[in-house]
Amino acid sequence: MLKANKLFLGIVIVFFILAILSWNIEGGLFVSPPHFPKPTYSIEGNPPTSAGFKLGRKLFYESRLSADNTISCGSCHNQFAAFTHHGHDLSHGIYDRLGKRNAPPIMNLAWNKYFMWDGGVLDLDLQPIIPITDSNEMNESLSCVLDKLKADKEYPQLFKEAFGSTEINTEKLMKALSQFMVMLVSANAKYDSVKRQSGVVFTAEEKAGEVIFIQTCSSCHVPPLFTSDKFATNGILSQQEVDNGRFDITLDENDKGKFRIPSLRNVMLTAPYMHDGRFREIDDVLLHYKKKYNMSDSSIHYLKSFLHSLTDQDFINDVRFSEQ
Amino acid sequence: MPLANRKGVLDPAAYKGDENMYWGWNTGYIFFKMEGQSDSAQLNKAGTRKYMYHIGLYGGMNTPTINNIKQIDLALSDKSSVRVKNNKPLLVEINADIMQAFTGAGDLKIAEHTVVMVSPFSAVIANNYAKMFKVVGVK
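Residues numbered from 1 in each chain as written. Chains lettered and ligands numbered in written order. Predicted model: local features only at pLDDT ≥ 70, side-chain atom pairs only at ≥ 80, totals over all residues. Heavy atoms only, no water.

## Some remarks on the packing of helix 9 (residues 204-216) of chain A against helix 12 (residues 297-308) of chain A
Residue and element names in this part refer to chain A.
So, step 1. Relative to each other, helix 9 and helix 12 sit at 100°, their axes nearing to 7 Å. Taken together, helix 9 and helix 12 sit at an angle that is classed as roughly perpendicular. Touching Glu205, Glu206, Ala208, Gly209, Glu210, Ile212 and Phe213 of helix 9 are Ser299, His301, Tyr302, Leu303, Ser305, Phe306 and Leu307, all from helix 12.
So, step 2. Of the residues assigned to the contact of helix 9 with helix 12, the class counts are seven nonpolar, four polar and three charged. (Axes fitted to C-alpha atoms, helices over the stretch in contact; angles between N-to-C directions. Helix = DSSP H or I, 4+ residues; strand = E, 2+ residues; numbered from the N terminus. Parallel < 35°, antiparallel > 145°, perpendicular 65-115°, else oblique. Contact = heavy atoms within 4.5 Å. Nonpolar A, V, L, I, M, F, W, Y, C, P; charged D, E, K, R; others polar.)

This is how it looks when you write it as structure tokens:
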């Protein structure tokens, strides 16, 4: 009987170890929050490792990704502002060139089906090519970036630690950046604590705001990611509007002026707002929707309280995500 | 297509600068690229008369778009068949007539269409260049 127990215990331990090992291989460092859906990004195809994540972080803050070695991804995606460009309405490239759209937050990208405001990119591994090569952003060619990294003293060794060999190519460069970016998960706002029933509760105002939010906003800004990952007009286009948004990708007249619905997580930190950063303050945005949906002052007040509960202090203060 | 499969000419880093055939902002590849100066071209903001034709679009992944992928059949010769003998290599000579890009199926006038990339007119140019290849000899 004792022997059988020992054997059983041994089998259980072996299974337990196997389970841990396979979990590590499948997802690496990445952990999907329990209240989130299944990620869209193929984590199994590029599981973040400690070495890959660190390399991706170094590349994210690497100014040699730009033509004149002045700006990095982190230049326009500041952690304290939920990885947006605080105070900048339009993206800001080398030689003070301006793009035509507002730098969006980098968070929870593992769940995106579409990237960029117009959804022209469908794979996170291909996204960084746009800001690197756009003449209004980093204005650099991928082959030059690869040449610069190959000539560096540290990078070949770091690529070896992450991917097994000192060779540096497009695939490894993009996969390292993706390993860093998929780890930027924001799922620890007050909202999340309330939903996890961890003892934290909404104030009366936040609760009232949530009710209004669900009625008015949640068909586009669907919890828990607070976006439907679809495209919509927000009613702010004028006749003089020069940006056709989603139309540029699909050439469908119905898509004129449509942009990807942004997540509202950390929205209090991501001013200015809208695809062109035209609204400086959250109050400007709320006023726009107040008119659009004919809402009362008190509704807007409660809504704002609720939006505050989406701010994730752990995310913006996590030192793993900061420039080292 | 995952990056792991994008090697050789499909590698987004395969070409430098203007030669690049990878399309980043609306992910895909440019199938046909022709640029140059022409007195007929409309004056652009930089004050030059430069025409640019970048033809791509493959039909879209999640949302249907124009599909400019062309499959063409080329007749080998007037003779009914070509035989490969004793594993000897066969040389098929194909000429590309660039004028067909302007006249092949419909008219492309530089004065009217100075820059064409993703507009519906790209389909006209794609239909044109599909007619540019011709087998001129088999040895």
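## Focus on the packing of aromatic side chains
So, step 1. One pass over the full model with this rule turns up 27 aromatic pairs over all chains.
So, step 2. Here the aromatic rings of Phe60 of chain A and Tyr61 of chain A are separated by 5.0 Å at their centres, their planes lie at 80°, and the arrangement is edge-to-face. Neither Phe60 of chain A nor Tyr61 of chain A differs from the other in exposure class; each is buried.
So, step 3. Summarising the aromatic geometry, the rings of Tyr22 of chain B and Tyr29 of chain B are spaced 5.5 Å apart at their centres and angled 75° between planes, so their arrangement reads as edge-to-face. Comparing Tyr22 of chain B with Tyr29 of chain B, the two get one shared label, buried.
So, step 4. Through successive ring pairs, a cluster of aromatic residues spans Phe53, Phe60, Tyr61, Phe83, Phe180, Phe315 and Phe321 of chain A. (Phe/Tyr/Trp six-rings, centres within 6.5 Å; stacked < 30°, edge-to-face > 60°. Buried < 20%, exposed > 50% of the residue type's maximum accessible area, 1.4 Å probe, protein only.)

## Structural notes on the domain arrangement of chain A
Residue and element names in this part refer to chain A.
So, step 1. With domains assigned, chain A is organised as domain 1 (50-186) and domain 2 (190-315).
So, step 2. Taking the mean C-alpha position of each, domain 1 and domain 2 sit 26 Å from one another.
So, step 3. Each partner contributes residues to the interface: domain 1 has 31 residues there, and domain 2 has 24 residues.
So, step 4. Roughly 2,200 Å² of surface becomes buried between domain 1 and domain 2 when both sides are summed, with 56% attributable to carbon and sulfur atoms.
So, step 5. Where domain 1 touches domain 2, the interface holds two salt bridges.
So, step 6. Put simply, Asp243 and Arg101 hold a salt bridge, and the shortest N to O gap is 2.7 Å.
So, step 7. Applying the counting criterion to the domain 1 and domain 2 interface returns 12 residue pairs in polar contact (both at pLDDT 80 or more).
So, step 8. Taken together, the residues of the side of domain 1 that touches domain 2 break down into 14 nonpolar, 12 polar and five charged. (Domains from an automatic or database assignment. Buried area = accessible area lost by both parts, 1.4 Å probe. Salt bridge = Lys/Arg side-chain N within 4 Å of Asp/Glu carboxyl O. Polar contact = N/O pair within 3.5 Å; in protein donor to acceptor, adjacent residues only side chain to side chain.)

## Focus: the interface of chain B and chain A
So, step 1. Between chain B and chain A, the residue contacts involve 25 residues of the former and 24 residues of the latter.
So, step 2. Applying the counting rule to chain B against chain A returns one salt bridge.
So, step 3. When the shortest N-O distance is used, the salt bridge between Glu171 of chain A and Lys7 of chain B registers 3.0 Å.

## Observations regarding the pairing of strand 4 (residues 50-55) of chain B
Residue and element names in this part refer to chain B.
So, step 1. Both strand 3 (residues 32-37) and strand 4 contribute to a ladder of six bridges, which runs antiparallel. Counterpart to Gln37 in the pairing with strand 4 is Lys50.
So, step 2. Here two bridges tie strand 4 to strand 6 (residues 115-116), and the two strands are oriented parallel to one another. Note that in strand 6 the partner of Met52 across the bridge is Val115. (Pairing = 2+ DSSP bridges.)

## Some details on the confidence of the model for chain B
So, step 1. The share of residues in chain B with pLDDT of 70 or more is 95%, and the mean pLDDT across the chain is 88.
So, step 2. For this predicted complex, the interface confidence comes out at an ipTM of 0.75, alongside a pTM of 0.85. (pLDDT = per-residue confidence, 0-100.)

## Considerations on a nonpolar patch on the surface
So, step 1. The grouping of Ile72, Leu74, Leu76, Val82, Val84, Leu90, Val92, Ile94 and Phe133 of chain B at the surface amounts to a nonpolar patch, some 680 Å² of accessible area in total.
So, step 2. Its place among the elements puts Val82 of chain B in the loop between strand 4 and strand 5 (92-96). (Patch = residues over 30% accessible without salt bridge, like charges linked within 9 Å, V, L, I, M, F, W, Y side chains within 5 Å. Areas by Shrake-Rupley, 256 points an atom, 1.4 Å probe, with all protein chains shown as cover.)

## A closer look at the state of the cysteines
All names here are of chain A.
So, step 1. Counted under the stated rule, the structure contains zero disulfides over all chains.
So, step 2. Free cysteine: Cys76, not disulfide-bonded; nearest cysteine sulfur from Cys73 at 9.2 Å.
So, step 3. Residue Cys76 is classed as buried on the basis of its relative accessible area of 11%. (Disulfide = S-S within 2.5 Å.)

## Side note on the side chain of Arg260 of chain A
All names here are of chain A.
So, step 1. Position of Arg260 among the secondary structure elements: in strand 2 (residues 259-260).
So, step 2. Of the residues examined, Arg260 reaches a relative accessible area of 11% and is grouped as buried.
So, step 3. Here the side chain of Arg260 touches Asn112 through a polar contact of 3.4 Å, side chain to side chain.
So, step 4. Among residues more than four places away in sequence, those in contact with Arg260 are Asn112, Tyr114, Met116, Trp117, Thr227, Asp229, Lys230 and Phe231.

## Considerations on the environment of Tyr15 of chain B
So, step 1. Along the chain, the position of Tyr15 of chain B falls in the segment before strand 1 (22-23).
So, step 2. Residue class for Tyr15 of chain B comes out partly exposed when judged on its relative accessible area of 28%.
So, step 3. Residues Tyr15 of chain B and Val135 of chain B lie 120 residues apart in sequence; the distance between their C-alpha atoms is 29 Å.
So, step 4. Sequence-distant contacts of Tyr15 of chain B, defined by excluding residues within four places in its chain, comprise Ser143 of chain A together with Val9, Asn20 and Met21 of chain B.

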